[in-house]
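One letter stands for each residue in the lines below.
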Amino acid sequence: MNTFYTWPKAVQWILALLLFAAGAYLTGKVIIYGTEHWLFYIPLLLLIVPAIQFAFTPFFRLIGLYRYLSPMLLVYAPNEKVWGLHNGTSFDYLFVLRGTPAGAPLRRRILTYYLEGLLHLTDLVEKGEVAEETLIKGSSYFFSERTAKRLGFELVEIPSYEKYNLYFNFLDLLWKYSAAYKTLRFPNLKEAKTAQVTAGALLRNRPQLERLHNYLKNG
């Protein structure tokens, strides 16, 4: 549970708007500076993208642009054809995973939240709120290739625009990846894949999701 969203609604909106305004101001400054000093544009983007994501997260959630399936698994602007799965942002890490030891405990808790999100998604499919032909996809960084296949996902080449997005999020991925393994560890972005499955196939694989979730939660 992200404790931020248990705060009074007025407080949530005030802080969300303040963070959004700060992020928008910072974005504008970077764009202006980048046009005048183009050699620094890419390095600045690498630094600013994680900060912007942190600042925009609560506002995007409150307006419904981010739809959370679990505290650490979200869908960005879902539609009838595609639900793109995304890892929780650094804002979510701060409120949800604060105090969780780095390394194996952190990996276990994150994967548990991923599975909770996928199980919630199967509930939506079962209720008819998500069509069975809807494509569910996300970066293979959500889980290893072995786990992805075990859960019924197919690995395909990642689209170019998504790969560029990973590059711009490199610093964010770096600290999350390093925290998950309790050592400085660089994610191999060249090997990134897209894991995808239809909503119907995910629903049919629900027993496997439940077994793995129960193992992680109670093991």
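Residues numbered from 1 in each chain as written. Predicted model: local features only at pLDDT ≥ 70, side-chain atom pairs only at ≥ 80, totals over all residues. Heavy atoms only, no water.

Novice: Help me understand the overall build of the protein chain, please; the structure alone is not making it clear to me.
Specialist: Counting secondary structure elements, the protein chain contains nine helices and six strands. Computed over C-alpha atoms, the radius of gyration of the protein chain comes to 18 Å, within 12% of the 17 Å expected from 2.2 N^0.38 for 219 residues, which places it in the range of a compact globule. Overall size of the protein chain, expressed as C-alpha extent along the three principal axes, is 55 × 45 × 35 Å. Counting the 219 residues in the protein chain, one finds 45% classified as buried. (Helix = DSSP H or I, 4+ residues; strand = E, 2+ residues; numbered from the N terminus. Rg over C-alpha atoms; globule rule 2.2 N^0.38 Å. Buried < 20%, exposed > 50% of the residue type's maximum accessible area, 1.4 Å probe, protein only.)

Novice: Please clarify how the side chain of Thr134 should be interpreted in this entry.
Specialist: Residue placement: Thr134 occurs in the loop between helix H4 (104-126) and strand S4 (135-139). Leaving out residues up to four positions away in the same chain, Thr134 has contacts with Asn79, Glu80, Lys81, Val82, Trp83, Val197, Thr198 and Ala199. (Contact = heavy atoms within 4.5 Å.)

Novice: Help me understand the sheet that holds strand S3 (residues 82-87), please; the structure alone is not making it clear to me.
Specialist: Pairing between the strands of a sheet comes from backbone hydrogen bonds, and it takes one of two forms, parallel or antiparallel. Across the sheet, six strands lie side by side as S1-S2-S3-S4-S6-S5; this open sheet has mixed pairing. The open sheet has two free edges, formed respectively by strand S1 (66-70) and strand S5 (154-157), since each of these has just one partner strand. Each neighbouring strand pair of the sheet contributes to a mean axis angle of 35 degrees, computed without reference to strand direction. Of the pairings in the sheet, the one linking S3 to S4 comprises four bridges and is parallel in character. From the neighbouring strand, Val82 faces S4, where its bridge partner is Leu135. Against the sheet, H4 engages S1, strand S2 (73-76), S3 and S4, with an angle of about 105 degrees to S1. (Pairing = 2+ DSSP bridges. Axes fitted to C-alpha atoms, helices over the stretch in contact; angles between N-to-C directions.)

Novice: Could you clarify how one ought to interpret unusual backbone geometry in this entry?
Specialist: Of all residues except glycine, most have a negative phi; of all peptide bonds, most are trans. Even without a glycine there, the phi angle at Ala77 is positive, about 45 degrees. Take Ala77: it is sitting in the loop between S2 and S3. With a relative accessible area of 35%, Ala77 lands in the partly exposed category. One non-glycine residue with positive phi stands out, namely Lys182, at about 60 degrees. Counting through the fold element by element, Lys182 comes out in the loop between helix H7 (170-181) and strand S6 (193-198). Residue class for Lys182 comes out exposed when judged on its relative accessible area of 66%.

Novice: Could you clarify how one ought to interpret the pattern of salt bridges in this entry?
Specialist: Pairs may arise between side chains of opposite charge once their charged atoms sit close together. Counting across every chain of the model gives seven salt bridges. Across the salt bridge formed by Asp123 and Arg206, the nearest N and O atoms sit 2.8 Å from each other. You can see Asp123 sitting in helix H4 and its partner Arg206 sitting in helix H9 (residues 206-218), a full 83 residues away along the chain. Among the ionic pairs, Arg206 bridges to Glu210, the shortest N-O distance being 3.1 Å. Placement of the pair is Arg206 and Glu210 together in helix H9, with a separation of four residues, close to one helical turn. Glu210 sits in the partly exposed class, given a relative accessible area of 33%. (Salt bridge = Lys/Arg side-chain N within 4 Å of Asp/Glu carboxyl O.)

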